[in-house]
Amino acid sequence: MTIDANLILYIGEKNISSWSMRGWLAMHIKELSFEERTIELRTDKDRRRRREVSPTGRVPALHHGDLAIPDSLAIIEYLEETFPAPWHPPLWPIDKPARAHARWLAAAMHSGFLKLREGMSFNLCFLPTPPKPRQEALQEAAEMLGYFEAALSRKATPGDFLFGGFGAVDAMFAPAVVRLTAFDVPTRETPRAAAYLQAVLNHPPVARWLREARALPPRETY
Ligand SMILES: N[C@@H](CCC(=O)N[C@@H](CS)C(=O)NCC(=O)O)C(=O)O
């Protein structure tokens, strides 16, 4: 596949930037060929380089020609409109109630689970032994597993992911799945969610991101 010179995705280091992973996975779901450019968060402390390409100074930032979109969920919505089905795989479920469900789950991830994000920091997932998470992070992890279990129990379409095939909502949760697994969060009470975690980790683009993340020096801080 030749790279579309109009599509550039700016990301952070793969073992640090969980938001970048979400945008990057969405590009892969849409089967787009794009140029990937890494701006190291560790060496761009004052956001100088990021501000040159991202209006918020954050990554991921998608450039499509002159347009710059610096937010994972906004990137997802832009991709869904610009590269629609059936020419590209859909990011959201076709069925309207399922789509509403997928959207609120993705929004919950985008704006919430702060204790989980702080207490199970993405960079720590790549240490040989991640530290023990605090109780409040574990509570949010259990809440997330409950959301997964509920969605998987009422799923009407075939496939290993929350609404069938790997979609936007799975991309939004993929970094959290990495956290739940790396921090060894108990999944006995949520067997469907446990299988889902494995399916996400085995999904080829997720596995590729993780392989590339593990090839980088692990970072306790950044
Ligand atoms: N709401 C944004 C969050 C993006 C974000 O916070 N990205 C992090 C990297 S994982 C970042 O750029 N952090 C550096 C900073 O805030 O200076 C999204 O959904 O993409």
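Please read all numbers here as calculations on a predicted model, not as lab measurements. (Residues numbered from 1 in each chain as written. Predicted model: local features only at pLDDT ≥ 70, side-chain atom pairs only at ≥ 80, totals over all residues. Heavy atoms only, no water.)

1. Observations regarding the overall build of the protein
Next up, step 1: Across its full length, the protein carries nine helices and four strands.
Next up, step 2: Counting from the amino terminus, the protein carries its helices and strands in the arrangement β-α-β-α-β-β-α-α-α-α-α-α-α.
Next up, step 3: Relative to the globule expectation of 17 Å for 222 residues, the C-alpha radius of gyration of the protein, 17 Å, shows essentially globular dimensions.
Next up, step 4: Taking the principal axes of the C-alpha coordinates as reference, the protein spans close to 45 × 45 × 30 Å.
Next up, step 5: Each of the 222 residues in the protein was classed as buried or not, and the buried ones make up 50%.
Next up, step 6: Within the protein, counting contacts between residues at least 6 apart in sequence, those at least 24 apart form 70% of the total. (Helix = DSSP H or I, 4+ residues; strand = E, 2+ residues; numbered from the N terminus. Rg over C-alpha atoms; globule rule 2.2 N^0.38 Å. Buried < 20%, exposed > 50% of the residue type's maximum accessible area, 1.4 Å probe, protein only. Contact = heavy atoms within 4.5 Å.)

2. Description of the site of the ligand
Next up, step 1: The ligand sits among Ser17, Ser18, Trp19, Leu41, Arg47, Arg50, Arg58, Val59, Pro60, Asp71, Ser72 and His110.
Next up, step 2: At 2.9 Å from a nitrogen atom of the ligand is found a side-chain nitrogen or oxygen belonging to Asp71.
Next up, step 3: Here Ser72 contributes a side-chain N or O atom positioned 2.6 Å from an oxygen atom of the ligand.
Next up, step 4: Here the ligand loses 80% of its free accessible area of 510 Å² to cover by the protein chains. (Near = heavy atom within 4 Å. Polar contact = N/O pair within 3.5 Å; in protein donor to acceptor, adjacent residues only side chain to side chain. Areas by Shrake-Rupley, 256 points an atom, 1.4 Å probe, with all protein chains shown as cover.)

3. Overview of the packing of aromatic side chains
Next up, step 1: Using the criterion set out here, one finds nine aromatic pairs in the structure.
Next up, step 2: Ring centres 5.1 Å apart and planes at 65 degrees place the aromatic pair Trp24 and Trp209 in the edge-to-face group. Taken as a pair, Trp24 in helix α1 (residues 18-29) and Trp209 in helix α9 (residues 204-214) lie far apart in primary sequence, 185 residues in all.
Next up, step 3: Residue classification places Trp24 among the buried residues on the basis of a relative accessible area of 0%.
Next up, step 4: Overall, Trp209 belongs to the buried group, its relative accessible area being 0%. (Phe/Tyr/Trp six-rings, centres within 6.5 Å; stacked < 30°, edge-to-face > 60°.)

4. Here we look at the domain arrangement of the protein
Next up, step 1: The domain architecture assigned to the protein consists of domain 1 (7-82) and domain 2 (96-214).
Next up, step 2: Of note, the centres of domain 1 and domain 2, computed from C-alpha atoms alone, are 21 Å apart.
Next up, step 3: Overall, the association of domain 1 and domain 2 removes approximately 2,000 Å² of surface from exposure, summing both partners, and the carbon and sulfur fraction of that is 73%.
Next up, step 4: When the area that domain 1 buries against domain 2 is broken down by residue, the three leading residues are Lys14, Met21 and Arg22, summing to 33%.
Next up, step 5: For the pair domain 1 and domain 2, the interface holds two salt bridges.
Next up, step 6: With a shortest N-O distance of 2.5 Å, Glu212 and Lys14 are connected by a salt bridge.
Next up, step 7: Listing elements by their share of the side of domain 1 that touches domain 2, those giving two or more residues are α1 and α3 (72-82).
Next up, step 8: Of the residues that constitute the side of domain 1 that touches domain 2, the class distribution is 10 nonpolar, six polar and five charged. (Domains from an automatic or database assignment. Buried area = accessible area lost by both parts, 1.4 Å probe. Salt bridge = Lys/Arg side-chain N within 4 Å of Asp/Glu carboxyl O. Nonpolar A, V, L, I, M, F, W, Y, C, P; charged D, E, K, R; others polar.)

5. Examining the packing of α1 against α3
Next up, step 1: Close contact between α1 and α3 brings their axes to 9 Å; oriented N to C, the two are set at 10 degrees. Looking at the two axes, α1 sits roughly parallel to α3. On α3, the residues touching Trp19, Arg22, Gly23, Ala26 and Met27 of α1 are Ser72, Ile76 and Leu79. (Axes fitted to C-alpha atoms, helices over the stretch in contact; angles between N-to-C directions. Parallel < 35°, antiparallel > 145°, perpendicular 65-115°, else oblique.)

6. Side note on the environment of His203
Next up, step 1: By the element assignment, His203 lies in the loop between α8 (191-202) and α9.
Next up, step 2: Overall, His203 belongs to the buried group, its relative accessible area being 18%.
Next up, step 3: Taking the C-alpha atoms as reference points, His203 and Phe161, 42 residues apart in sequence, are found 9.8 Å from one another.
Next up, step 4: Apart from the residues lying within four places of it in its own chain, the contact partners of His203 are Phe161 and Phe166.

7. Some thoughts on the pattern of salt bridges
Next up, step 1: The tally for this structure, following the rule as stated, stands at 10 salt bridges.
Next up, step 2: With a shortest N-O distance of 2.6 Å, Glu80 and Lys30 are connected by a salt bridge. On the criterion of sequence distance, the pair formed by Glu80 in helix α3 and Lys30 in the loop between α1 and β2 (35-38) is long-range, its members being 50 residues apart.
Next up, step 3: The buried category is assigned to Glu80, whose relative accessible area is 18%.
Next up, step 4: If you follow the salt bridges from partner to partner, you end up with Lys14, Glu36, Arg208 and Glu212 in one network.

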